[in-house]
Amino acid sequence: REHCRNAQEIAEWLVQQNGVEKIYYPGLEDHPQHQLAKTQQSGFGGVVSFVVKGGKEAAWQLIDSTNLFSITANLGDAKSTITHPATTTHNRLSDEERESAGIEGGLIRLSIGFEDAEDIKADLQKGLAKTLK
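Cut-offs and rules
Residues numbered from 1 in each chain as written. Predicted model: local features only at pLDDT ≥ 70, side-chain atom pairs only at ≥ 80, totals over all residues. Heavy atoms only, no water. Helix = DSSP H or I, 4+ residues; strand = E, 2+ residues; numbered from the N terminus. Rg over C-alpha atoms; globule rule 2.2 N^0.38 Å. Buried < 20%, exposed > 50% of the residue type's maximum accessible area, 1.4 Å probe, protein only. Contact = heavy atoms within 4.5 Å. Lys, Arg positive; Asp, Glu negative; His and termini not counted. Charge placed at Lys NZ, Arg CZ, Asp CG, Glu CD. Pairing = 2+ DSSP bridges. Core = buried A, V, L, I, M, F, W, Y, C linked by side-chain atoms within 4.5 Å. Expected span 1.5 Å × (residues − 1). Axes fitted to C-alpha atoms, helices over the stretch in contact; angles between N-to-C directions. Left-handed = near helix turned anticlockwise from the far one by under 90°. Nonpolar A, V, L, I, M, F, W, Y, C, P; charged D, E, K, R; others polar.

Undergrad: When you look at the overall build of the protein in this model, what are you seeing that I'm missing?
TA: Scanning the protein from terminus to terminus reveals 5 helices and 5 strands. For the protein, the α and β elements follow one another from N to C terminus as α-β-α-β-α-β-β-α-β-α. Since a compact globule built from 133 residues should have a radius of gyration of about 14 Å, the 14 Å found for the protein is in line with a globular shape. Each of the three principal axes of the protein carries a C-alpha extent, and together these read 35 × 30 × 25 Å. Here the protein, with 133 residues, has 44% of them falling under the buried criterion. Summarising the internal contacts of the protein: among those between residues at least 6 apart in sequence, 69% fall at separations of at least 24. Taking the average location of the 14 positive side-chain charges in the protein and that of its 19 negative ones, the two points are 2 Å from each other.

Quick look at the structure:
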């Protein structure tokens, strides 16, 4: 429940951030599978993905600016994690395969943990601010 609650709060917060182009989280009403997810599960999970403006360089700048997150491709930990799918979990795919799968250079994946949501937002805000400079 804590993963889901925090992830929902972070996803809703990301919607309001200038440096964010897209957000992928089924708990958001504009997500293509929102209605389906509502019928199939009691929460929307702890994984939030989003695309930052500025592509791969901006994504890495944000990732490198965080302190709270562990930089890893693992999911579902009690501690929040952050990863860049294009260079980690999907790095073996060709550029065309990544593009077809929606794995953009600016895509970042978060696995939201049990930290206070305000602390998570503050950590992400530092990185987003750097991507807008």
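We are not done yet, so read on.
Undergrad: Even after reading the chapter, I still don't get the sheet that holds strand S4 (residues 81-83), so can you show me in this structure?
TA: Taken in spatial order, the 5 strands of this open sheet run S1-S2-S5-S4-S3, and their pairing is mixed. Across the chains shown, the open sheet's two edge strands, defined by having one partner strand only, are strand S1 (20-24) and strand S3 (70-71). Pairing geometry for S3 and S4, over 2 bridges, is parallel. Its bridge partner lying in S4, Ile71 is registered against Ile82.

Undergrad: I tried to follow the nonpolar core on my own but got confused; where do I start?
TA: In globular proteins that are soluble, nonpolar side chains generally tend to be buried together. Ranked by size, the top nonpolar core spans 25 residues in total, and within it Leu14, Ile23, Phe50, Ile108 and Leu110 carry the most contacts. Elements supplying a minimum of two residues to this core: helix H1 (2-15), S1, strand S2 (47-52), helix H3 (55-65), strand S5 (107-111) and helix H5 (117-131). If sequence neighbours within four positions are ignored, Ile108 has contacts with Val48, Ser49, Phe50, Val52, Ala59, Leu62, Ile63, Ile82, Thr83 and Pro85.

Undergrad: Where do I start with H1 in this structure?
TA: Because an α-helix packs 3.6 residues into every turn, residues spaced three or four apart end up facing the same way. In a regular helix each residue adds 1.5 Å, so 14 residues correspond to 20 Å; H1 covers 20 Å between its end C-alpha atoms and thus fits that length. On its buried side, H1 packs onto S1, S2, S5 and H5.

Undergrad: Sorry if this is basic, but what is going on with the packing of H1 against H5 here?
TA: Helix-helix packing is described using two parameters, namely the angle between the two axes and the distance between the axes. It is the contact of H1 with H5, at a shortest axis distance of 10 Å, that shows an interaxial angle of 35°. Of the two elements, H1 crosses H5, and the hand of that crossing is right-handed. On the side of H1, the interface is formed by Asn6, Glu9, Ile10, Trp13 and Leu14, while H5 contributes Ala117, Glu118, Ile120, Lys121, Leu124, Gln125 and Leu128. A breakdown of the residues in the contact of H1 with H5 according to their chemical character gives 7 nonpolar, 2 polar and 3 charged.

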